Amino acid sequence: MTIAGLMQENDLMISDLIRYAARYHGQQEIVTRSVEGPLHRYTYREAESRARRLANLLINRFGIGHGDRVGTLALTTYRHFELFYGVSGMGAVLHTTNPRLFEEQVSYIINHAEDRLLFLDIDFVPLVERLLPDLGRVEKFIILTDRDHMPETSLPDVLCYEELLAAESAEYDWPAFDEKSASSLCYTSGTTGNPKGVLYSHRSTIIHALAAAQNSAYGLSVFDVIMPIAPMYHANGWGLPYVAPMLGAKLVLPGAKLDGENIQDLIESEGVTFSCAVPTVFSMLFQYLEESGKKVGPLKKTMIGGSAVPRAMSQKFLNTYGVTVLQIWGMTETSPLGVIASPTPQVLALPAAEREEVMNKQGRIQFGLDIKVTREDGSPIARDGVEFGDLWVRGPWVTSGYFRDEGGRVLDEDGWFPTGDVVTIDPYGFIKITDRSKDVIKSGGEWISSIDIENLAVGHPKVLQAAVVGVYHPKWEERPILVIKPVPGQNLTGAEILDFLKGKIAKWWMPDAAFIVDEIPLTATGKIKKITLREQYRDALAPPP
Ligand code: ADP
């Protein structure tokens, strides 16, 4: 017979994070490159006070209640940070929308979520004006600025955030309620079909933040200065807006400008030690650093994920700038921390070449999540780092289904979530993503990893971005082709890059053709849009039947 434990059972609340930071790290700063231009700085104490005013505003002025959705179209700023806490803290659901999606997807998402209010940055006023005829359910539009910066707009009943906050009291007691209540909502980009909503809870958010704050995960402490470059609308800024207050660490928010100059300037002037972004953002930073001859002095470590980190990028970060790269694999559906390439003693003891090989993979599981990797018949693949299989995840910060039941039942009968990624797993427990299952290249019944080839190609000094997709081939069903965006100003031929790959990959992995282009299409989260490339190059080798 079990007996109940005698410990307190406080619900885990998102408001606990900001309350903790305000109480025990009250002087710690949050610095923002504001959308209006200048740097804005204040403390956790002031942030909490304004989040309380915001909670009062939502309740008293707009009648927002538990479970109501409150939308944002906003960048990485202190006002968005206040919304993270004010909205979830009072019991409503913060719905962050990615403003870089196709316009019809933005309105689809806002309508699907049934957002009652929409808080938007001045940058997105023209977008919302265009979408207005489709946004019938939104009751009020609140512009995230002060009176002096309110833009001319045709939006009806627009309100000014700073004016509204100023009129509210900062007296508010954060309520405690069921920790399993929904706290926030984030849609996946929906590269196929409509975007689907992942509905986080207070419990999942806190447990995810605790896991991310472990030393063996992001490896952070109160001594770090954290700058999430991954936007707050992309899988909650990878959890950092929650992890930083949990640690009491200084937070730097880069606002609208993610260009190399602003990023370098913030790192240097604010002493940023830790950051995170998708690889494409760091390609821009490198370009700026090379042109300007500047360095990223205080930056010690950066987390990179969202798509595979080219080995050349990790090496350049370490060898030229002294920055350690921590690769992370995750999804909106996993809050997003999935696996992370933090070392183990066993891996560090390997000979250099082997160690580098392992450390360059997406990473290993941390306590709290579990993974399985299976063949088509459901049996587990060999842990030999060679066999490919489907990756499944399970744990308290993994989704159990999509908002309003889109896509129906997604878990298998044992509660595993299918990630749609194809991976290998090695004896050290490190997984390596070889492809998204829909991007896998099947040539003569064998699989070719597009990511491996791309990684090698970007190792060529004249290559900025590389994409490999499978296209129709009359004999082999599919063959890989390579599409290259060169470093600006560099002359590069297809033959040159194919020559560079020779001997580095198996002969039958060699792309059948290489194309040099000015632009590679990217998704709203900065990943290569393979679906578009496959369409563009569908008859590159032979006309499909
Ligand atoms: P979106 O498609 O909206 O950008 P996500 O950010 O949730 O949505 O995308 C998750 C997917 O991104 C994963 O399933 C995986 O295919 C890819 N991904 C994430 N991190 C990595 C990584 N480190 N290496 C390779 N692929 C990655």
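Numbers given to residues run from 1 along each chain, matching the order in which its sequence is written. Since the coordinates come from a predicted model, pLDDT governs what is reported: local features require at least 70, and pairs of side-chain atoms require 80 or more to be given and counted, while whole-chain, interface and lining totals use all residues. Water and hydrogen atoms play no part in the side-chain values, which are based on all heavy atoms of the structure.

## Section: the site of the ligand
Part 1: Here a residue counts as near a molecule or strand whenever at least one of its heavy atoms sits within 4 Å of it. By nearness alone, 18 residues border the ligand, and S189, T332, D421, R436 and T525 come closest of all.
Part 2: We define a polar contact as two N or O atoms separated by no more than 3.5 Å, with the added condition that, inside protein, one atom must be a possible hydrogen donor and the other a possible acceptor, whereas residues neighbouring each other in sequence contribute only through side-chain atom pairs. A distance of 2.6 Å separates an oxygen atom of the ligand from a polar atom in the side chain of D421.
Part 3: Between K527 and the ligand, the recorded distance is 2.8 Å, taken from a side-chain N or O atom to an oxygen atom.
Part 4: Areas reported as accessible are Shrake-Rupley estimates using a 1.4 Å probe. Residue values count occlusion only from the protein chains shown. Here the ligand, which alone exposes 570 Å², has 94% of that area covered by the protein.
Part 5: Considering every element that reaches the shell around the ligand, the biggest residue donor is strand β14 (residues 324-330), with 4 residues.
Part 6: Three residue categories are used. Nonpolar comprises Ala, Val, Leu, Ile, Met, Phe, Trp, Tyr, Cys and Pro, charged comprises Asp, Glu, Lys and Arg, and polar comprises the others, including Gly. Tallied by class, the residues present in the shell around the ligand amount to 4 nonpolar, 11 polar and 3 charged. Comment: elements are numbered from the N terminus, with helices defined as DSSP H or I runs of at least four residues and strands as E runs of at least two.

## Digging into the packing of helix α1 (residues 14-24) against helix α2 (residues 44-61)
Part 1: Contact geometry for α1 and α2: axes closest at 7 Å, N-to-C directions at 140 degrees. Relative to α2, the element α1 lies oblique. In the packing of α1 onto α2, the handedness of the crossing is left-handed. Note on element contacts: α2 touches α1 through Y44, R45, A47 and E48, opposite I18, R19, A21 and A22.
Part 2: In the contact of α1 with α2, the residues fall into 5 nonpolar, no polar and 3 charged. Orientation is described by lines fitted to C-alpha atoms, with helices fitted over the stretch in contact, and by angles between N-to-C directions that extend from 0 to 180 degrees. An angle below 35 degrees is read as roughly parallel, one above 145 as roughly antiparallel, one from 65 to 115 as roughly perpendicular, and any other as oblique. What makes a crossing left-handed is the near helix being turned counterclockwise from the far one by less than a right angle; a clockwise turn instead makes it right-handed. Here a residue-residue contact requires only that any non-hydrogen atoms of the pair lie within 4.5 Å.

## Some thoughts on the pairing of strand β19 (residues 417-425)
Part 1: Whether a residue is buried, partly exposed or exposed follows from its accessible area with a 1.4 Å probe, protein chains only, as a fraction of its type maximum: under 20%, in between, or over 50%, in that order. Counting buried positions along β19 gives 7 out of 9 residues, so the element sits mostly inside the fold.
Part 2: Of the pairings in the sheet, the one linking strand β18 (residues 389-394) to β19 comprises 4 bridges and is antiparallel in character. The partner of D390 across the bridge, within β19, is V422.
Part 3: Strand pairing follows a simple DSSP-based rule, namely that at least 2 bridges must link the two strands. Taken together, the 5 bridges between β19 and strand β20 (residues 431-436) define a ladder with antiparallel strand orientation. When the bridges of β20 are listed, V422 appears paired with D435.
Part 4: Linking two consecutive strands that pair antiparallel, namely β19 and β20, is a turn of 5 residues; a positive phi of about 85 degrees is found at G429 within it.

## Focus on the domain arrangement of the protein chain
Part 1: Split into domains, the protein chain comes out as domain 1 (38-214) and domain 2 (439-536).
Part 2: As used throughout, domain bounds are those supplied by an automatic or database domain assignment. A C-alpha centroid distance of 39 Å is found between domain 1 and domain 2.
Part 3: At the interface, 7 residues of domain 1 touch 5 residues of domain 2.
Part 4: By buried area we mean the combined loss of accessible area, with a 1.4 Å probe, across both parts when two parts are placed together. Roughly 400 Å² of surface becomes buried between domain 1 and domain 2 when both sides are summed, with 66% attributable to carbon and sulfur atoms.
Part 5: When a carboxyl oxygen of Asp or Glu is within 4 Å of a side-chain nitrogen of Lys or Arg, the pair counts as a salt bridge. Counting the contacts that link domain 1 with domain 2 gives 0 salt bridges.
Part 6: The interface formed by domain 1 and domain 2 includes 1 residue pair in polar contact (both at pLDDT 80 or more).

## Here we look at unusual backbone geometry
Part 1: With an omega dihedral of 15 degrees, the bond running from S335 to P336 counts as a cis peptide bond.
Part 2: Structurally, P336 is set in the loop between β14 and β15 (337-340).
Part 3: Despite not being glycine, D405 shows a phi value in the positive range, around 60 degrees.
Part 4: Here D405 lies in the loop between β18 and β19.

## Quick notes on the packing of α2 against helix α3 (residues 78-90)
Part 1: Two numbers describe how α2 lies on α3: the axes approach to 8 Å, and their chain directions differ by 55 degrees. Between α2 and α3, the crossing angle belongs to the class labelled oblique. The element α2 and its partner α3 pack so that their crossing is right-handed. Along the contact surface, α2 presents Y44, A47, R50, A51, L54, A55, L58 and I59, while α3 presents Y78, R79, F81, E82, L83, Y85, G86, V87 and M90.
Part 2: Its residues placed into classes, the contact of α2 with α3 shows 13 nonpolar, 1 polar and 3 charged.

## A short note on the sheet that holds strand β1 (residues 29-33)
Part 1: Read from one edge of the open sheet, 9 strands run β2-β1-β11-β10-β12-β13-β14-β15-β16, paired in mixed fashion. If you trace the sheet from one side to the other, it starts and ends with β2 (39-43) and β16 (364-365), each paired once.
Part 2: Relative to strand β12 (residues 274-277), strand β10 (residues 225-228) runs parallel, the two sharing 3 bridges. When the sheet's bridge partners are listed, P228 is paired in β12 with C276.
Part 3: Across the sheet, α2 lies against β1, β2 and β11 (250-253), angled at about 90 degrees from β2, the strand it touches most.
Part 4: Each of β10, β11, β12 and β13 (301-305) is contacted by helix α8 (residues 240-247), which is oriented at about 170 degrees to β10, the strand it contacts most.

## Focus on the sheet that holds strand β8 (residues 182-187)
Part 1: The sheet built from 7 strands is open, its strands ordered β7-β6-β5-β3-β4-β8-β9 with mixed pairing. For this open sheet the edge positions go to β7 (158-160) and β9 (197-201), each flanked by a neighbour on one side alone. Going across the sheet, the axis of each strand differs from the next one's by a mean of 25 degrees, ignoring polarity.
Part 2: Relative to β9, helix α7 (residues 202-212) is tilted by about 80 degrees, and along the sheet it contacts β8 and β9.

## Some points on the pattern of salt bridges
Pairing is possible between side chains that carry opposite charge, provided their charged atoms lie close to one another.
Part 1: Inspection of every chain in the model, using the stated rule, returns 33 salt bridges.
Part 2: Of the charged contacts, one joins E270 and R41 as a salt bridge, the two residues approaching to 2.6 Å between their closest N and O atoms. Highlighted residues: E270 in helix α9 (residues 260-270) and R41 in strand β2, separated in sequence by 229 residues.
Part 3: E270 sits in the buried class, given a relative accessible area of 7%.
Part 4: On the basis of relative accessible area, R41 is assigned to the partly exposed category, the value being 41%.
Part 5: Overlapping salt bridges, with partners in common, bring together E36, R50, R79, E82 and E162 in one network.

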